[in-house]
Number of protein chains: 2
Amino acid sequence: MAKNEELDARKLMILKAIIDDYIESSEPVGSRTVAKKYDMGLSSATIRNEMADLEEMGYISSPHTSAGRVPSAKGYRTYVDKILEPAAKDPALANEILTKLEDKMSEYGKLIKACAEIASQLTNYTAIGVTHGNAKNSVKALQLVPVDDNSALVIVVTDDNSVKNKLVSLDRKIAPDVLIEMSGIINRYFYGKPASSVTLMTLNRISEEAGIERSILLPFVDAIFDCIKEIGKDEIYTEGTSLLLRHPEFVSVEKARNFIEMIQNEEMVEKIVNSSEDLGNGLTISIGTENGDDDMSDYSVVSAKFEVDGTCIGTVSVVGPTRMDYKNVIASLEFMKKMLEKKSREGGKKLIPEHFKGDDIGQDVSGESADKDIKP
Amino acid sequence: MAKNEELDARKLMILKAIIDDYIESSEPVGSRTVAKKYDMGLSSATIRNEMADLEEMGYISSPHTSAGRVPSAKGYRTYVDKILEPAAKDPALANEILTKLEDKMSEYGKLIKACAEIASQLTNYTAIGVTHGNAKNSVKALQLVPVDDNSALVIVVTDDNSVKNKLVSLDRKIAPDVLIEMSGIINRYFYGKPASSVTLMTLNRISEEAGIERSILLPFVDAIFDCIKEIGKDEIYTEGTSLLLRHPEFVSVEKARNFIEMIQNEEMVEKIVNSSEDLGNGLTISIGTENGDDDMSDYSVVSAKFEVDGTCIGTVSVVGPTRMDYKNVIASLEFMKKMLEKKSREGGKKLIPEHFKGDDIGQDVSGESADKDIKP
DNA sequence: GTTAGCACTCAATTATCCCGAGTGCTAACG
DNA sequence: CGTTAGCACTCGGGATAATTGAGTGCTAAC
């Protein structure tokens, strides 16, 4: 039989039927089911023959002799690449979602978190949002703000409007105007420079040139470093963990636990999010064994890079069992991606990228005011 | 038999044995086990008689005729209140933990998150940390920082060193020195005043007195409100979700899912954390059915309010099955609580600088309603 | 090439049995 | 009177056997 050939139309149809049914039922699909439920004018015997071929070619397999067939990673792959016709989400959803995102557009952390939340709700799978920290950003503002007699706030703003701050406590009093002067010098020095250029050396130089005592400068240097480090850090939001437990592949708690532990492991998340296989529409998809890691062989991941104003602000990945409703997941992520991009184009000046505040993962500052115009 | 009487020493011993064993094995405890394993010089028959009494009094119950006995909420309660002798954690742990917390002492959100994380690790149960947002804090610093030509950063610092910032974008250019002047005025005005006093009215007054155009002031007002609202907000950190799934009470995925969904529900968390029954040592404990909610009847919660310099910065709650290792959980939380308090005393000046007490300004409208008022 | 028919396979369900942990009760003992 | 040995009884759970039925591969006829 056909070995390395392309699948003919009929085989594709049957493969599609099998996968569709399996996605719906999560149970091995038999020839009779295909023949009856998806009426294709063929008897079960014929389907059986074709299924035998498909199995030989590695698109499906049977868990045991008297069970139906189950799609393999290869099967899902052709399904996703060649069979699946793009589905559209109900445009009415757009408004609903947009209102949810409305007041978060200015803050990437919250935005990505909200997107992950929505993606999870739309798909009924777990969604992981990762912000795209970027240490290569240039410093836009770098300020010291007096807080009280012996403490001050260090604030770093990069050109993508990420803001981090850190409280510095000193063991001596420092006059506010000294601080402000210092702030001015430091700020002028780094304005427009890449964040990575803020090194100890340069700050030493400032010390010399500006004549600021090194022991005073040091704690601030420290804090600045911390802030920059923080800005470059990705933040991870996991939404809808419990949703996955609703799916029948998690009958055993062990699997459930393994999964939860996996997606709480940062390195693993890194791996998950960065699994490649671009789908052409800006989405990336990795099916079962494809994604290298053994622990992940039972799961598929669909990821979307979210961009605002041309810069990537983060990634949202939907993680589910290989028997995942790819159609819906892809449609959902595509939908959100497009919506967001349209919004960011329209929103123009309104959609000023604001900061995500850095002290924690999860709950951050909200940005409401930025999109309000000043009305004289 | 003894009805409303206190339990005598022997009954207490037996109850303790039953609970200890049940905590360890998670299986109903029989009379033979108690007699043999915890040698108390009594035959199983005698134990049986005593157990019958204990059952009648409601301290234990048997799932079915031929199973051993299981402690009831009432049983656990006497165990916790009367039987449990305080245990101490290994002091060597202290250093390890302290280093973990070291660089988080200045930021309460991170600190509480880290505490919850450690609590979860120490106990092997899920821990929930909730920061204690406090709108009554006074404003310590309130600054506007120029970021670029048409955007500026609003920064609010309260006396417990909570910092929130917000980027404000303007549709016109604003000169840095104007901003700085404005900043100075606003800051002086609110320095030491309670955060709740920052109302629309007062800002209107500033506009008049300082002669700043209202339309310029407005977006900043908005941002300040947002920041204050955020500072007053509680943040929730859930750590070690998957740990609970390690315990045998979660054999069924359903239970696991219910639990996870429960602790991801904010209102539920509120309930969980605020369950009372003070234990005298600053800990609070709620056992099974005690905590009102039906969904929580299978779980127990031990909570500790964490204080730094006399002010409550948040709560860490350990949530586990009623068959929880109370001894260890209580010891762990007590340990952390003490450690933190000691640390905060030692570190004194570094942690919380001076408290500023000022007279209230005018009307005490809450941040929220005031926020509504602003919108044109 | 398609299809009806048939023998065969094997997981999953159900029924059945059996074991043993644990109980309550009774009677004997110090 | 409290304690204990002994015994009949209960009942959940584990093991085993029987049954079912969905699904297959193969063959032969259309």
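Small disclaimer: the values here were computed from a predicted structure and weren't measured.

Visitor: Give me the sheet that holds strand 8 (residues 283-287) of chain A: which residues, what numbers.
Guide: Residue and element names in this part refer to chain A. A sheet is described by the order of its strands in space; here 5 strands give the open sequence 7-3-10-9-8, paired in antiparallel fashion. Strands at the two margins of the open sheet, each flanked by one partner only, are strand 7 (236-239) and strand 8. Neighbour to neighbour, the strand axes of the sheet diverge by 15° on average, direction disregarded. Here strand 9 (residues 299-308) runs beside strand 10 (residues 311-321); their pairing, made up of 10 bridges, is antiparallel. Paired with Val302 across the two strands is Val318, which belongs to strand 10. Lying on the sheet, helix 6 (residues 108-123) is in contact with strand 3 (126-131), strand 7, strand 9 and strand 10; it crosses strand 10 at an angle near 30°.

Visitor: Give me the lowdown on the pairing of strand 4 (residues 139-148) of chain A, citing residues and values where you can.
Guide: All names here are of chain A. Of all the 10 residues making up strand 4, 10 are buried; the element is thus mostly covered by neighbouring parts of the structure. In this structure, strand 4 lies alongside strand 5 (residues 151-158), joined through 8 bridges in antiparallel fashion. Bridged to Asp148 within strand 5 is Ser151. What sits between strand 4 and strand 5 in their antiparallel hairpin is a turn of 2 residues.

Visitor: Requested: an account of the environment of A:Arg214, with residues and values cited.
Guide: All names here are of chain A. Within the fold, Arg214 resides in helix 9 (residues 214-231). Its relative accessible area of 42% is what places Arg214 among the partly exposed residues. Residues Arg214 and Glu117 lie 97 residues apart in sequence; the distance between their C-alpha atoms is 47 Å. Each residue touching Arg214, except ones within four places of it in the same chain, is listed here: Asn204 and Ser207.

Visitor: Explain the protein's contact with DNA strand C residue by residue, including any values.
Guide: If you check the shell around DNA strand C, you find 20 residues, and the closest are A:Arg10, A:Thr46, A:Thr65, A:Ser66 and B:Ser31. The sugar-phosphate portion of DNA strand C accounts for 79% of its atoms within 4 Å of the protein, the bases making up the rest. In this structure, a base oxygen belonging to DNA strand C sits 3.1 Å away from a side-chain N or O atom of A:Ser66. B:Arg69 has a polar side-chain atom sitting 2.9 Å from a phosphate oxygen of DNA strand C. Secondary structure elements with two or more residues in the surface near DNA strand C: helix 3 (44-57) of chain A together with helix 3 (44-56) of chain B. No other element matches helix 3 of chain A, which puts 4 residues into the surface near DNA strand C. Looking at the surface near DNA strand C residue by residue, the class counts come to 4 nonpolar, 12 polar and 4 charged.

Cut-off values and rules
Residues numbered from 1 in each chain as written. Chains lettered and ligands numbered in written order. Predicted model: local features only at pLDDT ≥ 70, side-chain atom pairs only at ≥ 80, totals over all residues. Heavy atoms only, no water. Pairing = 2+ DSSP bridges. Helix = DSSP H or I, 4+ residues; strand = E, 2+ residues; numbered from the N terminus. Axes fitted to C-alpha atoms, helices over the stretch in contact; angles between N-to-C directions. Contact = heavy atoms within 4.5 Å. Buried < 20%, exposed > 50% of the residue type's maximum accessible area, 1.4 Å probe, protein only. Near = heavy atom within 4 Å. Polar contact = N/O pair within 3.5 Å; in protein donor to acceptor, adjacent residues only side chain to side chain. Nonpolar A, V, L, I, M, F, W, Y, C, P; charged D, E, K, R; others polar.

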